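As a plain string of letters, each chain reads:
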Amino acid sequence: LTGLLEIEHLWTPAGWLSPAFVAIGPDGGVVRVEPVRFREAGAATVERVAGYALPGMPNLHSHAFQRGLAGLAERAAPGGDTFWTWRETMYRFVARLAPEDVEAIAAQLYVEMLRAGYTAVAEFHYLHHDPDGRPYAPPTRMADHVLAAARRAGIGITILPALYAAGGFGGAPPEAGQRRFATDAPALLRLVEALRQTARGDPAARVGAAPHSLRAAPPAALADLLAGLERLDATAPIHVHVAEQRREVEECLAARGTPPVAWLLDHAPVDSRWCLVHATHVGREEIAGIARSGAVAGLCPTTEANLGDGVGPAAALFAAGAAIGIGSDSHVSVSVVEELRWLEYAQRLTGGRRTVLAGRAGGSVGERLWAAALEGGTRAVARPVGAVAPGRRADVVVLDPGHPVLAERAREQVLDAFVFAGDSTCVRDVMVGGRWVVRDRRHPDEGPILDAYRRTLRRLA
Ligand code: NGQ
Ligand code: ZN
């Protein structure tokens, strides 16, 4: 036993526990949770934690390098601005990034994620090669820098090397702006295998894989990837961008005869290992299919708003019993509160009703959203997180009871106050794997990490 916490208020999906005694093992996992101080922990020193503790939130979709572009793509383009013109801007940005730049940007981003209440991230990683499209030596070099950033910040990471075998539904090779991403299934599987060696034995890291999208992964390449992954790790998480933009839905219909989610459900063994990122433009049948499959719908409300994707069908997904989780994707915003709030607000704005995602009468929207995003997010990162419970990682976010937004609220009102009236400044302390990584809103390495980030941005400017 390495530690015993006496937490003033601990939230579990079954309700609040006040106080909660939490024993943490030497590997950073939770060993025991009880409402009273238990005997065999008598010798351990007890650390008192005042405030409201929540299980840390998984961020199920991240392209870390894109944080360096946040706020730089908001000037009107001459011919009109869409997802596709934003993508050109993003490609120009990515063309200049060295592995050290990516590490500097990712480390700063991950510190900000921790401060916002994210304790795990699924990194959808497709920036594989040098600016000319040549593999680095070793080919894991870029991914190694992403993993180093996560380690430096202290966030749990699930890295998903992405297959990018075509430039579009026609199957043509990746275009010039995509050459740093281009891979075939065998090369991608070698990358997955090498990263699995790196992550072996590290409870803070996991490796999966990602066909980037149906556009970028033609059927044969997708099949090769899935067969190879099955041999390496039959439980590995599999993420894919799907049905984000209307244009890609139309192109999929034209090329394959069905819309993207329907195609995937018909042609791939979609199950609870899968995370369908965006799943914005989907019909009733597809939503029912997602729910039946056990796949997680990976919703990224602030990026989907920023890119003009459309409103994800959160209410219909909830009603169908589908799993959902949240991601900050392009990181135009890095805020758990904002993702959850906009999930609900988009439903209110389009439906003309309030408390849409609350579930049962009298239910709290904030609590329902936190619980759902924990469950889906945990499935998507495929690590034992998402609850302060025996067998799970000790990933804990503590809200400050002295914050004005939480002042004089009953514990049952805390999650609604945080999600609808609060922001990341409500988060006071963050623990990942039994180790405090944020205390009093400060990360021990935040100074040097920010300096390195500034140097990178200055060089890129
Ligand atoms: C990405 N991002 O891979 O970073 C994508 C844009 C694409 C989002 N889809 C590129 N939000 O989808 O082709
Ligand atoms: Zn994405």
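Summarised in this report is the structure supplied together with it. (Residues numbered from 1 in each chain as written. Chains lettered and ligands numbered in written order. Predicted model: local features only at pLDDT ≥ 70, side-chain atom pairs only at ≥ 80, totals over all residues. Heavy atoms only, no water.)

## Observations concerning the overall build of the chain
Piece 1. Each helix and strand counted, the chain has 14 helices and 17 strands in total.
Piece 2. A globule of 461 residues ought to have a C-alpha radius of gyration of about 23 Å, and the chain, at 21 Å, matches this closely.
Piece 3. Here the C-alpha coordinates of the chain stretch approximately 65 × 50 × 45 Å along the principal axes.
Piece 4. Taking all 461 residues of the chain together, the buried fraction comes to 58%.
Piece 5. Long-range contacts, defined here as pairs at least 24 residues apart, represent 73% of the contacts in the chain between residues at least 6 apart.
Piece 6. Averaging the coordinates of the 49 positive side-chain charges in the chain and doing the same for the 51 negative ones gives two points 2 Å apart. (Helix = DSSP H or I, 4+ residues; strand = E, 2+ residues; numbered from the N terminus. Rg over C-alpha atoms; globule rule 2.2 N^0.38 Å. Buried < 20%, exposed > 50% of the residue type's maximum accessible area, 1.4 Å probe, protein only. Contact = heavy atoms within 4.5 Å. Lys, Arg positive; Asp, Glu negative; His and termini not counted. Charge placed at Lys NZ, Arg CZ, Asp CG, Glu CD.)

## A few points about the pattern of salt bridges
Two side chains that carry opposite charge are able to pair once their charged atoms sit near each other.
Piece 1. Using the criterion set out here, one finds 22 salt bridges in the structure.
Piece 2. Where Arg115 meets Glu446, a salt bridge forms, and the shortest distance between an N and an O atom there is 2.5 Å. Separated by 331 residues along the polypeptide, Arg115 in helix 2 (residues 99-116) and Glu446 in helix 14 (residues 446-460) bring together distant segments of the chain.
Piece 3. Here Asp445 makes a salt bridge to Arg152, at a shortest N to O gap of 3.2 Å. Taken as a pair, Asp445 in the loop between strand 17 (435-438) and helix 14 and Arg152 in helix 3 (residues 141-153) lie far apart in primary sequence, 293 residues in all.
Piece 4. By relative accessible area, Asp445 is classed as partly exposed at 26%.
Piece 5. A relative accessible area of 38% means that Arg152 is categorised as partly exposed. (Salt bridge = Lys/Arg side-chain N within 4 Å of Asp/Glu carboxyl O.)

## Here's the deal with the coordination of the zinc ion (ligand 2)
Piece 1. Protein ligation of the zinc ion (ligand 2) involves His61 (NE2), His63 (NE2) and His241 (NE2), the donor distances falling in the range 2.0 to 2.1 Å.
Piece 2. Sequence positions of the residues that donate to the zinc ion (ligand 2) give the spacing H-x1-H-x177-H. Note that His61 is positioned in strand 6 (residues 57-62) and His241 in strand 11 (residues 238-242), a separation of 180 residues in sequence.
Piece 3. With relative accessibility at 0%, the residue His61 sits in the buried group. (Donors = N, O, S within 2.8 Å, 3.2 Å for Na, K, Ca; no water.)

## What about the site of ligand 1?
Piece 1. Near ligand 1, the surroundings consist of 14 residues, among which Arg87, Tyr126, His212, Arg215 and Glu244 are the closest.
Piece 2. His63 is positioned such that a nitrogen or oxygen atom in its side chain is 3.4 Å from an oxygen atom of ligand 1.
Piece 3. With the chains in place, 99% of the 340 Å² that ligand 1 exposes on its own is no longer accessible.
Piece 4. Per-element accounting of the shell around ligand 1 gives the leading share, 4 residues, to helix 1 (residues 83-94). (Near = heavy atom within 4 Å. Polar contact = N/O pair within 3.5 Å; in protein donor to acceptor, adjacent residues only side chain to side chain. Areas by Shrake-Rupley, 256 points an atom, 1.4 Å probe, with all protein chains shown as cover.)

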